[in-house]
Amino acid sequence: MSAPRRIGFALLGMLLGLIAGGILGLLGGLGFTQLAGTSGFEGYSGFVVGFWILGGMAVGLVAGLVIGIRKSR
């Protein structure tokens, strides 16, 4: 395959992985705050969910990049 097509697959994989990771991070963070009984004082539970979202987005970004490159071969 040509290089621009491989780059396109990689970028598409990164974008889709970023979105999917953010959604899964949101669901995981909300579930964690419910199970752990996180305090809502001064928005603490919101910071916990935000941390999970960012972590999910980071993992999804890398996973999407790897899958996009593998699918382009």
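Analysis parameters
- Residues numbered from 1 in each chain as written.
- Predicted model: local features only at pLDDT ≥ 70, side-chain atom pairs only at ≥ 80, totals over all residues.
- Heavy atoms only, no water.
- Helix = DSSP H or I, 4+ residues; strand = E, 2+ residues; numbered from the N terminus.
- Buried < 20%, exposed > 50% of the residue type's maximum accessible area, 1.4 Å probe, protein only.
- Contact = heavy atoms within 4.5 Å.
- Areas by Shrake-Rupley, 256 points an atom, 1.4 Å probe, with all protein chains shown as cover.
- Expected span 1.5 Å × (residues − 1).
- Polar contact = N/O pair within 3.5 Å; in protein donor to acceptor, adjacent residues only side chain to side chain.
- Axes fitted to C-alpha atoms, helices over the stretch in contact; angles between N-to-C directions.
- Parallel < 35°, antiparallel > 145°, perpendicular 65-115°, else oblique.
- Left-handed = near helix turned anticlockwise from the far one by under 90°.
- Nonpolar A, V, L, I, M, F, W, Y, C, P; charged D, E, K, R; others polar.

(A) Spatial organisation of the overall build of the protein chain. The secondary structure content of the protein chain amounts to two helices and zero strands. Projected onto its principal axes, the C-alpha coordinates of the protein chain cover approximately 55 × 20 × 10 Å. Counting over 73 residues, the protein chain shows a buried share of 21%. Nonlocal contacts in the protein chain, meaning residues at least 24 apart in sequence, comprise 68% of its contacts between residues at least 6 apart. A total of about 5200 Å² of accessible surface is found on the protein chain, and carbon and sulfur atoms cover 76% of it.

(B) Layout of unusual backbone geometry. For Glu42, which is not glycine, the phi dihedral falls at a positive 55 degrees. The topology assignment puts Glu42 in the loop between helix 1 (3-36) and helix 2 (44-71). Residue classification places Glu42 among the exposed residues on the basis of a relative accessible area of 66%.

(C) Summary view of helix 1. Compared with the 50 Å implied by 1.5 Å per residue over 34 residues, the 47 Å span of helix 1 between its first and last C-alpha is a close match. For helix 1, the complete set of buried residues consists of Ala10, Gly13, Gly17, Gly21, Gly22, Gly25, Gly29 and Thr33. Those residues of helix 1 that are buried are in contact with helix 2. Gly37, located one to two residues past helix 1, shows a positive phi value of around 65 degrees.

(D) Local environment of the side chain of Thr33. Mapping Thr33 onto the fold places it in helix 1. Within the structure, the side chain of Thr33 is placed 2.8 Å from the backbone oxygen of Leu30, a separation counted as a polar contact. Not counting residues within four places of it along the chain, the set of residues in contact with Thr33 comprises Thr38, Ser45, Val48 and Val49.

(E) Broad picture of the packing of helix 1 against helix 2. One way to put it is that helix 1 packs onto helix 2 with a least axis distance of 5 Å and a crossing angle of 150 degrees. Comparing their axes, helix 2 and helix 1 come out roughly antiparallel. As for how helix 1 packs across helix 2, the hand of that crossing is right-handed. Of the residues belonging to the contact of helix 1 with helix 2, the class tally is 15 nonpolar, 13 polar and one charged.

In short, the description is geometric, and any link to function would need to be established separately.
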